[in-house]
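Working through the structure, step by step
Here is what each chain is made of, one letter per residue.
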Amino acid sequence: MTIDSHCHLDQADYEEPVDFVIQRAEAAGVDHIMAVACNPDDFEELSKQLKQHACLYGAFGIHPEYAHKQHDLDNLKKCLIENRAVALGECGLDYHEAEATHEQQQDLFQKQIDLAHQMHLPLMIHARDAEGDMRAILKQAYKAGKLTDGFVLHCFSGSADMAREAVEMGGFLSASGVITFKNAERVREIFAQIPLANLLVETDAPYLAPHPLRGKPNEPAYVQYTLAKLAEIKGVSVKEMEKITTENFGRLYLKGQQ
Ligand SMILES: [Zn+2]
C-alpha cells in the first residue's frame, strides 16, 4: 500500500471519468491520493471530487503563476476549512515561466505562509528557478516560528544545500518521476543523502510521468515506478520504502486526524 502525495486530478484530461483513474491507482496498490488544486478556478472541481472519493486527501492553494491576479484569500481559507484540507498548497515561487513578477509571487507566498501558520496546516511548496529567494524566505519564516506545522518541497530537484537546509528545518522532500529520468543523476545523488524520515513520493500527475512511461499523461497508479527507484537509491526494499513514505505522510499531513 502506498500514497501518491501530490497530483492534480482537477487538471487532468484523461478522456474518461476520474473514477477510472482512481480505480487503476487502487489496483496498483495506491490506497490514498493527495489531490491538489492550485488555481482558484479549480477549487470547486476538487471540492466535488473530495466528496465523491474517500481515498482522496485535499490541498488547496494558489500557484505563483497566478500571482499577478487579484486573489481572495478569505475564499481560500473557507475552501480549506469546508473541505477539511490537510495542506495549504501548492504555493511558492516560479521564476521560470511566470507572468507574475517576482515581487507579486513573494507577496502571495508570504500571505499563504501566514495563512497556513494561522490555520495550523502544513505548506506544500513549489520552487522553480528561484532557489536563492526560496531559501531566504523559508529561513526567515522558520526563524519567525511560522513553519511549525511542517512543509514539503514538492517535486524536489533543487541543490544539495537546499535539501540539507530543508531537513534542518524539519521539512520533507518529495520525489517525483524526475528521479527515474536517465539524465537526472544529480537529483538521484541528492536524494541518496536525504534521511529516510524526510522523504515523500508523488506523481505530480498529469505531468512528469516516470520512466518508462515518460511523455504519457501521468496518473497516480504510476507512483510505483518512482517509489521503486527511490527504494533503489536508498538501498531499501520497495515494501520498506512504502512503509516509510506512508508513515512520513501521516506525520506531515494527518497529525490532527490520528
Ligand atoms: Zn503540482
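Our structure's up above, just so we're on the same page.
Quick summary incoming for the structure in this document. (Residues numbered from 1 in each chain as written. Predicted model: local features only at pLDDT ≥ 70, side-chain atom pairs only at ≥ 80, totals over all residues. Heavy atoms only, no water.)

This brings us to helix H2 (residues 43-52). Those residues of H2 that sit buried are Phe 43, Leu 46, Ser 47, Gln 49 and Leu 50. Looking down the long axis of H2, one finds its buried residues gathered within 165 degrees of arc, a one-sided arrangement. Among the exposed residues of H2, those oriented more than 90 degrees off its buried face are Glu 44, Lys 51 and Gln 52. Looking at the packing, one finds that the buried side of H2 touches helix H1 (18-27), strand S2 (30-37), strand S3 (56-60) and helix H3 (73-82). (Buried < 20%, exposed > 50% of the residue type's maximum accessible area, 1.4 Å probe, protein only. Helix = DSSP H or I, 4+ residues; strand = E, 2+ residues; numbered from the N terminus. Arc of directions from axis to C-beta. Contact = heavy atoms within 4.5 Å.)

When strand S4 (residues 87-94) meets strand S5 (residues 123-128), the two strands line up parallel, connected through six bridges. By the bridge assignment for S5, Cys 91 is matched with Ile 125. Note that the unit made of S4, helix H4 (residues 102-119) and S5 has a crossover that is right-handed. Direction of pairing for S5 relative to strand S6 (residues 151-153): parallel, over a ladder of three bridges. Paired with Ile 125 across the strands is Leu 153, a residue of S6. Following the chain from S5 across helix H5 (residues 131-143) to the adjacent parallel S6, one finds a crossover that is right-handed. (Pairing = 2+ DSSP bridges. Right-handed = clockwise from strand over helix to strand, strands pointing away.)

The next subject is the packing of H4 against H5. Contact geometry for H4 and H5: axes closest at 12 Å, N-to-C directions at 30 degrees. Put simply, H4 runs roughly parallel to H5. Regarding H4 and H5, the two cross each other, and that crossing is right-handed. From H4, Gln 106, Phe 109, Gln 110 and Ile 113 reach across to H5, where they touch Asp 133, Met 134, Ile 137, Leu 138, Gln 140 and Ala 141. Grouping the constituent residues of the contact of H4 with H5 by class yields six nonpolar, three polar and one charged. (Axes fitted to C-alpha atoms, helices over the stretch in contact; angles between N-to-C directions. Parallel < 35°, antiparallel > 145°, perpendicular 65-115°, else oblique. Left-handed = near helix turned anticlockwise from the far one by under 90°. Nonpolar A, V, L, I, M, F, W, Y, C, P; charged D, E, K, R; others polar.)

Now for the coordination of the zinc ion. His 6 (NE2), His 8 (NE2), Glu 90 (OE) and Asp 204 (OD) make up the full set of protein donors to the zinc ion, lying at 2.0 to 2.3 Å. For the zinc ion, the four donor atoms in the first shell make angles of 85 to 176 degrees at the metal, so the coordination geometry reads as irregular. Since its relative accessible area comes to 8%, Asp 204 is described here as buried. (Donors = N, O, S within 2.8 Å, 3.2 Å for Na, K, Ca; no water. Tetrahedral: all angles 85-135°; square planar, octahedral: opposite > 155°, others 65-115°.)

In this section: the side chain of Ser 176. With respect to the helices and strands, Ser 176 occurs in the loop between strand S7 (172-175) and helix H7 (185-193). Given the relative accessible area of 1%, Ser 176 is considered buried. Beyond its immediate sequence surroundings of up to four residues, Ser 176 is in contact with Cys 155, Glu 202, Leu 208 and Thr 226.

For S3, a buried count of five out of five residues is recorded, marking the element as mostly surrounded by other parts of the structure. Across the two faces of S3 the burial is the same, with Leu 56, Gly 58 and Phe 60 and Tyr 57 and Ala 59 all buried. The sheet contact formed by S2 and S3 spans five bridges and is parallel. Bridging across to S3, Val 36 finds its partner in Ala 59. Tracing the backbone out of S2, into H2 and back to the parallel element S3 gives a crossover that is right-handed.

This part covers the pattern of salt bridges. Pairing is possible between side chains that carry opposite charge, provided their charged atoms lie close to one another. Inspection of the entire model under this criterion finds 13 salt bridges. When the shortest N-O distance is used, the salt bridge between Lys 111 and Asp 107 registers 3.0 Å. Of the two residues, Lys 111 and Asp 107 are both situated in helix H4; the distance of four residues between them amounts to about one turn of the helix. The exposure class assigned to Lys 111 is partly exposed, which follows from its relative accessible area of 41%. Asp 107 gets classed as partly exposed once you look at its relative accessible area, which sits at 40%. (Salt bridge = Lys/Arg side-chain N within 4 Å of Asp/Glu carboxyl O.)

On to the layout of surface pockets, then. Counted as a void, the largest pocket has a volume near 860 Å³. Lining the largest pocket are 36 residues, with Asp 94, His 126, Ala 127, Arg 128 and Cys 155 sitting closest to its centre. Broken down by class, the residue content of the lining of the largest pocket amounts to 15 nonpolar, nine polar and twelve charged. Estimated volume of the second largest pocket: approximately 210 Å³. Taken together, eleven residues form the lining of the second largest pocket, with Leu 50, Leu 56, Gly 58, Asn 83 and Arg 84 sitting closest to its centre. (1 Å grid on protein atoms, 1.4 Å probe; cavity = no way out; pocket = protein on both sides within 12 Å on 5 of 7 lines; lining within 4 Å. Points joined across faces, edges and corners; volume = space filled by probe spheres on them.)

Everything listed is a geometric property; what it means functionally is a separate question.
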